[in-house]
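Each chain is listed here by its residues.
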Amino acid sequence: MKTIAVLLTALLLATGCGNKESTGETASDEPEIVMMDESTSVGELPSILKEGLSNKEQDELKKQIMPILDDGLTPEQRFLNLRKDAEAGNAEAQNSLGSMYFSGEAISRDAQGKVKDKDPETAAGWFFRAAEQGHAGAQFNLGLLYFSGEGVTRDTAKAVELFTKSAEQGNIDAQNNLGVIYLMGEGVKQNTDKAIEWFEKAAEQGNEEAIKNLEAVRASQTDPKEAADKQ
């Protein structure tokens, strides 16, 4: 069964560039560095694709880019098939199932039987299984959970390790996130050159966030010649 892998896209954290300390505020004349963290449920269009579209137009777009919705199965049957594939070791299914548990599309209950809004702990377990098989999307997703501390104990070093594995496979969101992390010095030694390197890799693949982040970093850097001319 063909499944749609849904990634927990990167959310931009406002931060200063270089070694400047963050004050929690961004000056109006300084560019922002952002890192996104938006979850999209399986079968749901990302918010960026919904902009300016009527409900009818959104339905038509779903049919074009999400053919899985036309398989004739009920949501329950589709979920059971996905879980069966995941339990059999299919990394793509494991990553998709993890996304469903993280977003709350897959129903989980607590010890008292109450339905949870979402289940990051179970999501982390499925992401881990897929990440162990080298699935770049799952490595990225699990990295986000370690970075935020959702479903697992917060561990920025582990997040960096997972983002790096994913980024080295060409995952542009992981590449952009690594750029932000190296720029902030979060869990790693602050390294603007390394940040630029990762932003460039993602920007070369057309990642809009990385392009903006790269422009922001470069705009914040003072040209040595210009600095000499001012003295």
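Note that the structure is predicted; figures quoted are calculated from it, not measured.

I'd like a rundown of the packing of helix α8 (residues 172-184) against helix α10 (residues 208-220), residues and numbers included.
Following both chains from N to C, one finds α8 and α10 inclined at 25 degrees, their axes separated by 9 Å at the closest point. In terms of their interaxial angle, α8 and α10 are classed as roughly parallel. Both α8 and α10 take part in a crossing whose hand is left-handed. Seen from α8, the contacting residues are Asn176, Val180 and Leu183; seen from α10, they are Glu209, Ala210, Asn213 and Val217. Residues of the contact of α8 with α10, tallied by class, amount to 4 nonpolar, 2 polar and 1 charged.

Describe the environment of Met100, and please don't skip the residues or the numbers.
By the element assignment, Met100 lies in helix α4 (residues 91-103). The exposure class assigned to Met100 is buried, which follows from its relative accessible area of 7%. Residues Met100 and Ala123, spaced 23 residues apart in sequence, show a C-alpha to C-alpha distance of 7.6 Å.

I'd love a proper account of the environment of Asn90, names of residues and values included.
Mapping Asn90 onto the fold places it in the loop between α3 (75-87) and α4. Given a relative accessible area of 37%, Asn90 falls into the partly exposed group. With 39 residues separating them in the primary sequence, Asn90 and Arg129 have C-alpha atoms 9.3 Å apart. Setting aside chain neighbours within four positions, we find Asn90 in contact with Asp85 and Gln133. Within the local environment of Asn90, its side chain forms a polar contact with the backbone nitrogen of Glu92, the two atoms lying 3.0 Å apart.

Lay out helix α9 (residues 192-204) in plain terms, naming residues and giving numbers.
If you check α9, its first and last C-alpha atoms are 18 Å apart, about what 13 residues at 1.5 Å a residue would give, namely 18 Å. Inspection of α9 places Thr192, Ala195, Ile196, Trp198, Phe199, Ala202 and Ala203 among the buried residues, and these make up the whole buried set. The buried side chains of α9 occupy one side of the element, clustering within an arc of 165 degrees when seen end-on. Relative to its buried face, α9 has exposed residues pointing more than 90 degrees away, namely Asp193 and Glu204. Buried positions along α9 lie against α7 (156-168), α8 and α10. Residue Gly206 follows α9 closely and has a positive phi angle near 90 degrees.

Cut-offs used in this document
- Residues numbered from 1 in each chain as written.
- Predicted model: local features only at pLDDT ≥ 70, side-chain atom pairs only at ≥ 80, totals over all residues.
- Heavy atoms only, no water.
- Axes fitted to C-alpha atoms, helices over the stretch in contact; angles between N-to-C directions.
- Helix = DSSP H or I, 4+ residues; strand = E, 2+ residues; numbered from the N terminus.
- Parallel < 35°, antiparallel > 145°, perpendicular 65-115°, else oblique.
- Left-handed = near helix turned anticlockwise from the far one by under 90°.
- Contact = heavy atoms within 4.5 Å.
- Nonpolar A, V, L, I, M, F, W, Y, C, P; charged D, E, K, R; others polar.
- Buried < 20%, exposed > 50% of the residue type's maximum accessible area, 1.4 Å probe, protein only.
- Polar contact = N/O pair within 3.5 Å; in protein donor to acceptor, adjacent residues only side chain to side chain.
- Expected span 1.5 Å × (residues − 1).
- Arc of directions from axis to C-beta.

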